[in-house]
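Understanding the architecture of this molecule
Letter by letter, the chains look like this.
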Amino acid sequence: MMKTGIIGLGFIGPAHMEALLRTGLSQIVAVADTNEQLARSCAAKFNVPEVYSDYRQLLQNPEINVVHICTPNYLHYEIAKAALEAGKHVVCEKPLAICSKQAEELMRLAEEKGLTGVTSFNLRYYPLVQQAREMVQTGKLGRLYAYHGSYLQDWLLYDTDYSWRLDSKVSGPSRAVADIGSHWFDMACFITGSRVTELCADLSTFLPVRKKSRTQCLTFQTPQSANDPMEYEEIAIDTEDFATILFRMENGIRGSLTISQVSAGRKNFLQFEADGAESALSWNSEQPNRLWIGHRDQCNEEMIKDPGLLQGQARKFASYPGGHAEGFPDTSKQLLEQVYSYLAEDGRRHGIKPQFPTFADGWQEARLCEAILESSQQRRWIQL
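No experiment lies behind these values; they were computed from the predicted model shown.

1. A look at the overall build of the protein chain
What the protein chain contains, in helices and strands, is ten helices and 17 strands. At 21 Å, the protein chain has a C-alpha radius of gyration in line with the 21 Å of a compact globule built from 384 residues. When burial is assessed residue by residue, the protein chain has 56% of its 384 residues classed as buried. When contacts within the protein chain are restricted to residue pairs at least 6 apart in sequence, long-range pairs at least 24 apart make up 70% of them. Carbon and sulfur atoms make up 47% of the accessible area of the protein chain, which amounts to about 17300 Å² in all.

Below is the structure:
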């Protein structure tokens, strides 16, 4: 059994812990967070024996084989590099780094050390996303003409909404694109089997000044009314609320994407449609157990998630019978089950190609994000 350490215990750290425990493939032996009280509380909840306030102490623990990095973005590179140099496999939240140069360095360092680096693009593990890939890859849609969609949220709609993700010194030069757009593009490349070759982007910041509460502000909390008797500090914002992107992929596929964190009522709406010469399909993350299949010359279909109906490899990513919904927590479980099975089987030594998103995928998404920023700034198409 592998031994795991978790660094960063905000929203996503405990989500990794829950998912990992469900796989039964590893024991969580240590957690680390600069907020020691939070770390101790989380350790008690998950029965974790070791607690650190400094991630460097965790990396010195000889028991640990795998480190999960769930910290704010600007720390990913620093911690991942230190973990690899300490001989640990790494599972890192996206974005892998705040620039492609750092991401490439991590990718190459993992190769040099003979270690496995994973970028946590877990959303590709919804069963019907896997089904969509099977249908595209086996030609069920015919030649693919277009791939388009959106990723919309509303948790930053008000000027009193605030999070560390709004601080470019912490989150990096891109916010909405790096945070949620990276998931959408990873899914697009996964389903189509194609890379983006060129793009044209327009980014907007609708709220250039936000009001940061002087008290603690938690991500995804119930928004405070501007009329509430609270003290605020005005903060200038230099990252995007919204983006529209035209893009071209290999094999002549054309695409478009809208990204927004200020779309009222959209809590976490990742949607895509793939249009082929013979049929089309569409899916969204707020109804993840339904896949729409469109036809020209017969009635359209709606497929309900059922492992008995899923094709090929997609079937193994559905853990429950038809009619039993699977959602966001299950995607991380499926990702980590694939990762830890690979590690247990020593897949690298046996020359087995990873089927999960690696540091190479994280590097590709970092390159894509930089091209999007460059395109918007220069108001032109950018080739990758």
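Back to the write-up after that little detour.
2. Topic: helix α10 (residues 359-378)
Side chains of residues three or four places apart in an α-helix project in the same direction, reflecting 3.6 residues per turn. Taking 1.5 Å of rise per residue, the 20 residues of α10 would be expected to cover 28 Å, and the 28 Å separating its terminal C-alpha atoms lies within 8% of that figure. Judged by how many residues are buried, α10 sits mostly within the fold: 14 of 20 residues are covered. Capping the start of α10, T358 holds a side-chain oxygen 3.2 Å from the backbone nitrogen of A360, two or three residues further along. One or two residues past the end of α10 sits R379, with phi positive at roughly 55°.

3. Brief notes about the pattern of salt bridges
With the rule as written, the count across this model stands at 22 salt bridges. Here K81 and E105 are joined by a salt bridge, their closest N and O atoms 3.1 Å apart. Placement of K81 in helix α4 (residues 76-85) and of E105 in helix α5 (residues 100-113) is noted, with a sequence separation of 24 residues between them. Classification of K81 as partly exposed rests on a relative accessible area of 26%. Overall, the relative accessible area of 32% leaves E105 in the partly exposed class. Between D159 and K211 there is a salt bridge, with the nearest N and O atoms lying 3.8 Å from each other. In this pair, D159 is assigned in the loop between β7 (144-152) and α7 (168-171) and K211 in strand β9 (residues 209-213), connecting sequence segments 52 residues apart. On the accessibility criterion, K211 (27% relative accessible area) is partly exposed. Here the salt bridges share partners, and the residues they tie into one network are R124, D186, R195 and D361.

4. Details of the environment of I191
Within the secondary structure, I191 sits in helix α8 (residues 176-192). Using a relative accessible area of 0% as the deciding quantity, one classes I191 as buried. In this structure I191 touches V129, A132, R133, V136, Q137, Y147 and F272, once residues within four positions along its chain are discounted.

5. A closer look at empty space enclosed by the protein
A full pass over the atoms with the stated rule returns one cavity of 30 Å³ or more. Of the voids in this model, the largest cavity is the one considered here, and its volume is about 30 Å³. Together, N73, R165, S171, S174, R175, A178 and D179 line the largest cavity. In terms of residue class, the lining of the largest cavity is built from one nonpolar, three polar and three charged.

6. Looking at the pairing of strand β8 (residues 196-204)
When β8 meets strand β11 (residues 242-249), the two strands line up antiparallel, connected through eight bridges. Counterpart to C200 in the pairing with β11 is L246. Taken together, the two bridges between β8 and strand β17 (residues 382-383) define a ladder with antiparallel strand orientation. Note on β17: the bridge partner recorded for L199 is I382.

Rules used in this analysis
- Residues numbered from 1 in each chain as written.
- Predicted model: local features only at pLDDT ≥ 70, side-chain atom pairs only at ≥ 80, totals over all residues.
- Heavy atoms only, no water.
- Helix = DSSP H or I, 4+ residues; strand = E, 2+ residues; numbered from the N terminus.
- Rg over C-alpha atoms; globule rule 2.2 N^0.38 Å.
- Buried < 20%, exposed > 50% of the residue type's maximum accessible area, 1.4 Å probe, protein only.
- Contact = heavy atoms within 4.5 Å.
- Areas by Shrake-Rupley, 256 points an atom, 1.4 Å probe, with all protein chains shown as cover.
- Expected span 1.5 Å × (residues − 1).
- Polar contact = N/O pair within 3.5 Å; in protein donor to acceptor, adjacent residues only side chain to side chain.
- Salt bridge = Lys/Arg side-chain N within 4 Å of Asp/Glu carboxyl O.
- 1 Å grid on protein atoms, 1.4 Å probe; cavity = no way out; pocket = protein on both sides within 12 Å on 5 of 7 lines; lining within 4 Å.
- Points joined across faces, edges and corners; volume = space filled by probe spheres on them.
- Nonpolar A, V, L, I, M, F, W, Y, C, P; charged D, E, K, R; others polar.
- Pairing = 2+ DSSP bridges.

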